[in-house]
Amino acid sequence: VQLQAYGGGLVQAGDSLRLSCVASGRAFNRYNMGWFRQAPGKEREFVVGISRSGGTTSYVDSVKGRFTISRDNAKNTVYLQMNSLKPEDTAVYYCAADMTYSERLPPYDITYNYWGQGTQVTVSS
């Protein structure tokens, strides 16, 4: 599967952005999907994941209550709605896919088999 992420940009603190990640190919509903981010000088970190069915989600504590992940399996797309953005959210955001029969969402990048190219999110103070 190939993943293409969209929607990054430059915003001010408190603003919102919605990222989209479109997957090519079939069987999108066999993949758990995740968003990771990497800030300059830092390691890539798990942000949020959503299970194949959409029934299970997992968020890193720093984005709980501000970010929402969703998916539309008919459109092969996963979304990340980011509200109340903070300067510390500045990073390159990557979507990733894990082909699995499980609905578990381990927050480790090694879990994910496929990665998109990343989209830059910059939040100014």
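Residues numbered from 1 in each chain as written. Predicted model: local features only at pLDDT ≥ 70, side-chain atom pairs only at ≥ 80, totals over all residues. Heavy atoms only, no water.

## Side note on the pattern of salt bridges
Then step 1. Within the structure shown, the criterion is met by five salt bridges.
Then step 2. A salt bridge links D89 to R37; its shortest N-O distance comes to 3.0 Å. Residue D89 is located in the loop between β8 (77-82) and β9 (91-99), and its partner R37 is located in strand β4 (residues 31-38); the two are separated by 52 residues in the primary sequence. No difference in accessibility class separates D89 from R37, as the two residues are buried.
Then step 3. Two residues, D109 and R44, come together in a salt bridge whose shortest N-O distance is 3.3 Å. Of this pair, D109 sits in the loop between β9 and β10 (114-115) while R44 sits in the loop between β4 and β5 (45-50); the two residues are 65 residues apart in sequence, bridging distant segments of the chain. (Salt bridge = Lys/Arg side-chain N within 4 Å of Asp/Glu carboxyl O. Helix = DSSP H or I, 4+ residues; strand = E, 2+ residues; numbered from the N terminus. Buried < 20%, exposed > 50% of the residue type's maximum accessible area, 1.4 Å probe, protein only.)

## Description of the state of the cysteines
Then step 1. Per the counting criterion, the structure on display carries one disulfide.
Then step 2. One disulfide bridge connects C21 with C95, the sulfur atoms lying 2.1 Å from each other. As the torsion about the S-S bond is roughly 60°, the C21-C95 disulfide counts as right-handed. Of this pair, C21 sits in strand β3 (residues 17-23) while C95 sits in strand β9, and the two are 74 residues apart along the sequence. Accessibility assignment for this pair places C21 and C95 in one class, buried. (Disulfide = S-S within 2.5 Å.)

## Quick word on the packing of aromatic side chains
Think of a pair of aromatic rings as described by two things: how far the centres are apart, and how the planes are tilted against each other in angle.
Then step 1. With the rule as written, the count across this model stands at five aromatic pairs.
Then step 2. When the centroid spacing of 5.5 Å and the interplanar angle of 75° are considered together, the rings of F36 and F46 count as edge-to-face. Remark: F46 occurs in strand β5 and F36 occurs in strand β4; sequence separation between them is 10 residues. Neither F36 nor F46 differs from the other in exposure class; each is buried.
Then step 3. Between F36 and Y112, the ring centres sit 5.3 Å apart and the planes meet at 80°, which makes this aromatic pair edge-to-face. (Phe/Tyr/Trp six-rings, centres within 6.5 Å; stacked < 30°, edge-to-face > 60°.)

## Points about the side chain of R66
Then step 1. Counting through the fold element by element, R66 comes out in the loop between β6 (57-59) and β7 (67-72).
Then step 2. Assessed through its relative accessible area of 10%, R66 is described here as buried.
Then step 3. Side-chain polar atoms of R66 contact the backbone oxygen of S84, separated by 2.9 Å.
Then step 4. Excluding its chain neighbours within four sequence positions, the residues that come into contact with R66 are Q81, M82, N83, S84, L85, K86 and D89. (Polar contact = N/O pair within 3.5 Å; in protein donor to acceptor, adjacent residues only side chain to side chain. Contact = heavy atoms within 4.5 Å.)

## Brief notes about the nonpolar core
Then step 1. Membership of the largest hydrophobic core comes to 29 residues, with the highest contact counts inside it found for M33, W35, F67, L80, M82 and Y93.
Then step 2. Those elements giving two or more residues to this core turn out to be β1 (3-6), β3, β4, β5, β7, β8, β9 and β11 (119-124).
Then step 3. Core analysis: the second largest hydrophobic core is formed by five residues, F36, A96, L105 and Y112 among them. (Core = buried A, V, L, I, M, F, W, Y, C linked by side-chain atoms within 4.5 Å.)

## Notes on the sheet that holds β1
Then step 1. Read from one edge of the open sheet, four strands run β1-β3-β8-β7, paired in antiparallel fashion. The open sheet has two edge strands, β1 and β7, and neither has a second partner. Here the strands of the sheet are splayed against their neighbours by 15° on average, with no regard to which way each runs. (Pairing = 2+ DSSP bridges. Axes fitted to C-alpha atoms, helices over the stretch in contact; angles between N-to-C directions.)

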